[in-house]
Amino acid sequence: MQTSPAHAAHHDDREIETLEEFDAVVPARGTLAGFRVQAVDLTDRTRELLATDTAGAVFLGCPMRENAAAKIRADGALVFPPVPHLPFDPYRGLLYSPDELFDGLEKGYEQTPDALAYAWFQRTKADGDIYASMLRSVHDDAVSDALDELLRGTRVVGVMGGHAMARGTREYAGAARLGRELARAGLTVATGGGPGAMEAANLGAYAAPFEDAMLDEACDILSGAPSFTPSISDWARAAFEVRARWPRGGPSVGIPTWFYGHEPPNAFASHIAKYFANATREDGLLARSTAGVVFLPGAAGTVQEIFDNATPNYYESRGEPTPMVLVNRVHWTEKLPTWPLLQALARERSMEARIALVDRIEDAGEALKRLTP
């Protein structure tokens, strides 16, 4: 999976998302005409801006000196200035990192950019301000763009499951081992980015480069703060303790939402695509799980995801149906009997060969392999 420096080659080559890219493009091309410059601080690039043609360029949220901005506008470029007093950047060019969202955690979770963005969302959602809803839409679109650039050419497996799965349980350890197995098989693990089963799968991918014993030790440390209630701060600090002890873990993706404010993102996804709009996030997570999805036991949200995933597989609206593996027979046939309905939907369609129900989480990776054409 690509990370930031390498991803310059990845995206639309008229997009500039870092200062390094800006410094490479200006001398090489000698022009910025028609380019899109996204959330790059150009305060110290006045000389370059004054000397370079920017006709038809668009500058999205790039801090710059007034004389540079005036010259660019005169060239015929569009300048969308940075929005002051926002706890997030609506024009961001890259996905979030855990360090960025949890910055200031030592002062308590309430002070972090993640918590401040949620508080802003609650405030502005209530008063129905068109300006705020536009900023949320621009932000979410920028996040989707960054996510597509990151995942291009990778094989992504979604791991879905509830946020209620506590650290220190057998189920949590099983979900973590599954994440590790998928990552070691060369797949990119993507989850809903929250606590519980989602965190476990991201933790597993993080653990993939290390010795097997590391995951058991990490689970031990985490079990000291089993849930994000009552204290998100304690829950998050335990995760950062694991990351500090084993730095530079394996990459994975978390796709959480500020729509569920009670649910913080987990710190084990190296790339976090956090959205304001939950519908965009749900659809985006499933649409990008091109190598299939594993559904661990969950409640209403997970049931919804199963059928959100089944619908394009049924109509083949995204091409060939992708594998779907449901884990825990009792849960999906008796407690929430989703499996019989999924089977009935799949009957005599090409998705029939792409669905499986397994009892043990240990069998999920094998089932996924079996269903992969």
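Residues numbered from 1 in each chain as written. Predicted model: local features only at pLDDT ≥ 70, side-chain atom pairs only at ≥ 80, totals over all residues. Heavy atoms only, no water.

Naming follows an unreviewed UniProt entry, where the protein appears as Rossmann fold nucleotide-binding protein of Streptomyces doebereineriae.

## Considering the layout of surface pockets
Empty space among the atoms can be located by rolling a probe the size of a water molecule over them. Note the following rule: Buriedness for pockets is judged along seven lines, at least five of which must meet protein on both sides within 12 Å for an open set on the 1 Å grid over protein atoms alone, while cavities are sets there where a 1.4 Å probe fits but cannot get out, and lining residues have an atom within 4 Å of a point. Grid points are joined across faces, edges and corners, and a volume is the space filled by probe spheres set on the points. Segments assigned H or I by DSSP are reported as helices when at least four residues long, segments assigned E as strands when at least two residues long, and all are numbered from the N terminus. Residues are grouped as follows: Ala, Val, Leu, Ile, Met, Phe, Trp, Tyr, Cys and Pro are nonpolar; Asp, Glu, Lys and Arg are charged; all remaining types, including Gly, are polar.
Considered as a void within the structure, the largest pocket measures approximately 330 Å³ in volume. In terms of lining, the largest pocket is formed by 21 residues, of which the most central are Gly 161, Gly 162, His 163, Gly 301 and Thr 302. When contributions to the lining of the largest pocket are tallied by element, the ones reaching two or more residues are β5 (156-160), α11 (278-287) and α12 (300-315). With four residues, the top contributor of residues to the lining of the largest pocket is α12. Here the lining of the largest pocket is composed, by residue class, of nine nonpolar, eight polar and four charged.

## Re helix α6 (residues 130-151)
We apply this condition: A helix is expected to reach a length of 1.5 Å times the quantity of its residues less one. In protein, a polar contact requires one atom able to donate a hydrogen and another able to accept it; more generally it is a pair of N or O atoms within 3.5 Å, and residues adjacent in sequence count only if both atoms are side-chain atoms.
Along its 22 residues, α6 runs 32 Å from first to last C-alpha, staying within 8% of the 32 Å computed at 1.5 Å per residue. Measuring from the side-chain oxygen of the N-cap residue of α6 to the backbone nitrogen of Tyr 131 gives 3.0 Å; that N-cap residue is Asp 129. The first or second residue beyond α6 is Gly 153, which carries a positive phi of 80°.

## Considerations on the packing of aromatic side chains
As a reminder, the rule being used: Two rings from Phe, Tyr or Trp (for Trp, the six-membered ring) form a pair when their centres sit within 6.5 Å of each other. Planes less than 30 degrees apart are called stacked, planes more than 60 degrees apart edge-to-face, and all others tilted. Relative accessibility decides the category of a residue: with a 1.4 Å probe and only protein chains considered, values under 20% of the type maximum give buried, values over 50% give exposed, and everything between is partly exposed. Both a distance and an angle decide whether a charge sits over a ring: NZ of Lys or CZ of Arg must be within 6 Å of the ring centre and within 35 degrees of the ring normal.
Applying the stated criterion to the full structure yields 14 aromatic pairs. With 6.0 Å between their ring centres and 90° between their planes, Tyr 96 and Trp 258 make a pair best called edge-to-face. Placement of Tyr 96 in the loop between β4 (78-80) and α4 (98-101) and of Trp 258 in the loop between β7 (253-254) and β8 (271-272) is noted, with a sequence separation of 162 residues between them. The exposure class assigned to Tyr 96 is buried, which follows from its relative accessible area of 5%. Taking the relative accessible area as the measure of exposure, Trp 258 reaches 2% and is therefore buried. Pairwise contacts between aromatic rings join Phe 88, Tyr 96, Trp 120, Phe 121, Trp 258 and Phe 276 into one cluster. Between the NZ or CZ atom of Arg 349 and the centre of the ring of Tyr 314, over which it lies, the distance is 3.7 Å.

## Brief notes about the side chain of Arg 281
Where we set the bar: We call two residues in contact when some of their heavy atoms are within 4.5 Å.
As for its placement among the helices and strands, Arg 281 is situated in helix α11. Classification of Arg 281 as buried rests on a relative accessible area of 4%. One polar contact links the side chain of Arg 281 to the main-chain carbonyl oxygen of Gly 192, over a distance of 2.9 Å. If sequence neighbours within four positions are ignored, Arg 281 has contacts with Gly 192, Ile 255, Pro 256, Thr 257, Tyr 260 and Tyr 275.

## Details of the sheet that holds strand β10 (residues 324-327)
Basically, it comes down to this: When DSSP finds two or more bridges between two strands, those strands count as paired.
Strand order in the open sheet formed by seven strands is β8-β7-β6-β5-β9-β10-β11, and the pairing between neighbours is parallel. Strand pairing shows two members of the sheet lacking a second neighbour, β8 and β11 (355-358), which therefore form its edges. Summarising the sheet, β10 and β11 pair through four bridges and their orientation is parallel. By the bridge assignment, Val 325 is partnered in β11 with Ala 356.

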